[in-house]
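Topology and contacts: notes
Given next are the chains, with one letter for each unit.
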2 protein chains.
Amino acid sequence: MSSDLEVLQEALRGSGQRLTPQRMMVLSALAEQESHVTAETLLDLVRLDYPYINLSTIYRTLDLLVELGLVAETDLGGGVRQFELVGTHPHHHLICQRCGQTVEIGDDTLQPLRDRLQSHYGFEARMDHFAIFGVCKACREG
Amino acid sequence: MSSDLEVLQEALRGSGQRLTPQRMMVLSALAEQESHVTAETLLDLVRLDYPYINLSTIYRTLDLLVELGLVAETDLGGGVRQFELVGTHPHHHLICQRCGQTVEIGDDTLQPLRDRLQSHYGFEARMDHFAIFGVCKACREG
DNA sequence: CTTGCAGCTGCAAAGAGTCGCAATAAAGCG
DNA sequence: CGCTTTATTGCGACTCTTTGCAGCTGCAAG
């Protein structure tokens, strides 16, 4: 299915931006991933097809996709940012600061907060992929 | 008031760590600030008293203080991290991705989410200073 | 008061991400 | 199909932050 590419094309056209081979390759590499990827990983993946692509192009493309709401970015705590296509499987992470374990939670958990921000502040929160740090049950009891 | 130092001393003793002049200077510089500061700013402040302190000491001290829950760190989006003493004035930020404006919201807004994470997942979320990105009312209507 | 040893500090160098700029190449147009 | 405009690319330099290491120091036991 090429709907991702179509969405990209649409989004780019809408804001007067260009559909370049590099952008298509980045998006296609993203679409192949099951889970989060780093910029470095994407660089390697795209270089399989096109060895001349530059890391800053990857970053700029990712920034653009994030801005368009097509990609979610998250810092899961390791000092490296993770990127992921939005919409396929909306979720968030609880990260234990003691043991480092991460638990995935559904997007519906954040809906009440979203609603509240909307009604109280008129703010449309874009929480596509949140990382919430804290202490897990096991570590608190141990 | 020296309660910050007492808290620090207590916390350090508990985990077998040391109370060094550098750490005291960093904490004291933090305590003088009204609002967020960057590591670089802290470096300048501490160097007023002790010109030999190293930037990595600042970062390591901040990491430690964050781990102990005394300091909150936030990336407000500018690529530079902001640090702030916890407890004085718990708050969070809504940041508009269009116009860049930030709005401060009270900590109580996040309490329902905290409660939910606690009851559903046994997870004690540490959301000391959140940055929530999205689109503000003005930008959505304009 | 001295000593031993974690735990710190400062330094230098590596990682991660960003920026400015000249060259390139999409898209639209005739 | 070639031309023009202008966004985008690739590159190198730069910023912010982390890490490895060698030497130093707080602190508690002797």
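Residues numbered from 1 in each chain as written. Chains lettered and ligands numbered in written order. Predicted model: local features only at pLDDT ≥ 70, side-chain atom pairs only at ≥ 80, totals over all residues. Heavy atoms only, no water.

Some remarks on the side chain of T109 of chain A
Structurally, T109 of chain A can be placed in the loop between β4 (102–106) and α5 (111–121). Residue T109 of chain A is classed as buried on the basis of its relative accessible area of 4%. Polar side-chain contacts of T109 of chain A include one of 3.4 Å to the backbone oxygen of G106 of chain A. In this structure, T109 of chain A is in contact with L113, R116, L117 and Y121 of chain B, ignoring residues within four places of it in sequence. (Helix = DSSP H or I, 4+ residues; strand = E, 2+ residues; numbered from the N terminus. Buried < 20%, exposed > 50% of the residue type's maximum accessible area, 1.4 Å probe, protein only. Polar contact = N/O pair within 3.5 Å; in protein donor to acceptor, adjacent residues only side chain to side chain. Contact = heavy atoms within 4.5 Å.)

Observations regarding the nonpolar core
By size, the foremost hydrophobic cluster in this structure holds 28 residues, and its most contacted members are I132 of chain A together with I132 of chain B. For this core, the elements supplying multiple residues, two or more each, are β3 (91–96), α5 and β6 (131–135) of chain A together with β3 (91–96), α5 (111–121) and β6 (131–135) of chain B. Not counting residues within four places of it along the chain, the set of residues in contact with I132 of chain B comprises L113, L117, F123, A125, M127 and F130 of chain A together with H93, L94 and I95 of chain B. (Core = buried A, V, L, I, M, F, W, Y, C linked by side-chain atoms within 4.5 Å.)

Considerations on the domain arrangement of chain A
Residue and element names in this part refer to chain A. Once the domains are mapped, chain A shows domain 1 (3–85) and domain 2 (91–141). A separation of 24 Å is found between the C-alpha centroids of domain 1 and domain 2. Each partner contributes to the interface: domain 1 provides 11 residues, whereas domain 2 provides nine residues. When the two sides are added together, the surface that domain 1 and domain 2 hide from each other amounts to roughly 700 Å², 57% of it contributed by carbon and sulfur. Broken down residue by residue, the surface that domain 1 buries against domain 2 is led by H36, T74 and L76, which jointly contribute 49%. Where domain 1 meets domain 2, there are zero salt bridges. On the surface where domain 1 and domain 2 come into contact, there are six residue pairs in polar contact (both at pLDDT 80 or more). (Domains from an automatic or database assignment. Buried area = accessible area lost by both parts, 1.4 Å probe. Salt bridge = Lys/Arg side-chain N within 4 Å of Asp/Glu carboxyl O.)

A word on the protein's contact with DNA strand D
R18, R23, T57 and R60 of chain A together with Y59 of chain B are the nearest of the 21 residues found near DNA strand D. Backbone atoms, meaning sugar and phosphate, make up 58% of the atoms of DNA strand D lying within 4 Å of the protein. Measuring from a base oxygen of DNA strand D, one finds a side-chain N or O atom of R18 of chain A at 2.6 Å. Here a base nitrogen of DNA strand D sits 2.8 Å away from a polar atom, N or O, in the side chain of R18 of chain B. Counting only elements with at least two residues in the surface near DNA strand D, the list comes to α2 (21–32) and α4 (55–67) of chain A together with α4 (55–67) of chain B. Ranked by residue count, the leading element in the surface near DNA strand D is α4 of chain B, at four residues. Looking at the surface near DNA strand D residue by residue, the class counts come to seven nonpolar, eight polar and six charged. (Near = heavy atom within 4 Å. Nonpolar A, V, L, I, M, F, W, Y, C, P; charged D, E, K, R; others polar.)

Considerations on the relation of the copies chain A and chain B
Of the transformation placing chain A onto chain B, the axial shift is 0.1 Å and the rotation is 180°, giving an RMSD of 0.2 Å. Classification of the inter-copy transformation places it as that of a two-fold axis. Relative to the rotation axis, the closest C-alpha in chain A is found at L113 of chain A, a distance of 3.4 Å. Mapped onto chain B, 100% of the interface residues of chain A are again interface residues, and the two copies thus contact each other with one and the same surface. (Least-squares fit on C-alpha atoms with pLDDT ≥ 70 in both.)

Here we look at the protein's contact with DNA strand C
The full set close to DNA strand C counts 21 residues, and Y59 of chain A together with Q17, R18, R23 and T57 of chain B are the nearest of them. Within 4 Å of the protein, the contacting atoms of DNA strand C are drawn from sugar and phosphate to the extent of 63%. Between DNA strand C and R60 of chain A there is a distance of 3.4 Å, counted from a base oxygen to a side-chain nitrogen or oxygen. Take N54 of chain B: an N or O atom from its main chain is 3.2 Å from a phosphate oxygen of DNA strand C. Elements represented by at least two residues in the surface near DNA strand C include exactly α4 of chain A together with α2 (21–32) and α4 of chain B.

Details of the pattern of salt bridges
Scanning all chains against the criterion turns up six salt bridges over all chains. Residue R140 of chain A is joined to E124 of chain B by a salt bridge in which the shortest nitrogen-to-oxygen separation is 3.2 Å. Placement of R140 of chain A in helix α6 (residues 137–141) and of E124 of chain B in strand β5 (residues 124–125) is noted, with the two residues assigned to different chains. The partly exposed category is assigned to E124 of chain B, whose relative accessible area is 36%.

Comments concerning the packing of α2 of chain A against helix α3 (residues 39–49) of chain A
Residue and element names in this part refer to chain A. Running from N to C, α2 and α3 point in directions that differ by 115°, and their axes come no closer than 9 Å. In the packing of α2 onto α3, the handedness of the crossing is right-handed. Of α3, the residues touching α2 (which contributes M25, V26, A29 and L30) are L42, L45, V46 and D49. Of the residues assigned to the contact of α2 with α3, the class counts are seven nonpolar, no polar and one charged. (Axes fitted to C-alpha atoms, helices over the stretch in contact; angles between N-to-C directions. Left-handed = near helix turned anticlockwise from the far one by under 90°.)

Some thoughts on the interface of chain A and chain B
Taken together, the 30 residues of chain A in the interface contact 30 residues of chain B. Interface area, chain A with chain B, both sides summed: about 2,500 Å², of which 63% is carbon and sulfur. Put simply, chain A and chain B have two salt bridges between them. Inspection of the chain A/chain B interface yields 12 residue pairs in polar contact (both at pLDDT 80 or more). Those elements giving two or more residues to the side of chain A that touches chain B turn out to be β3, β4, α5, β5 (124–125), β6 and α6 of chain A. Looking at which element gives the most residues to the side of chain A that touches chain B, the answer is α5 of chain A, with six residues.

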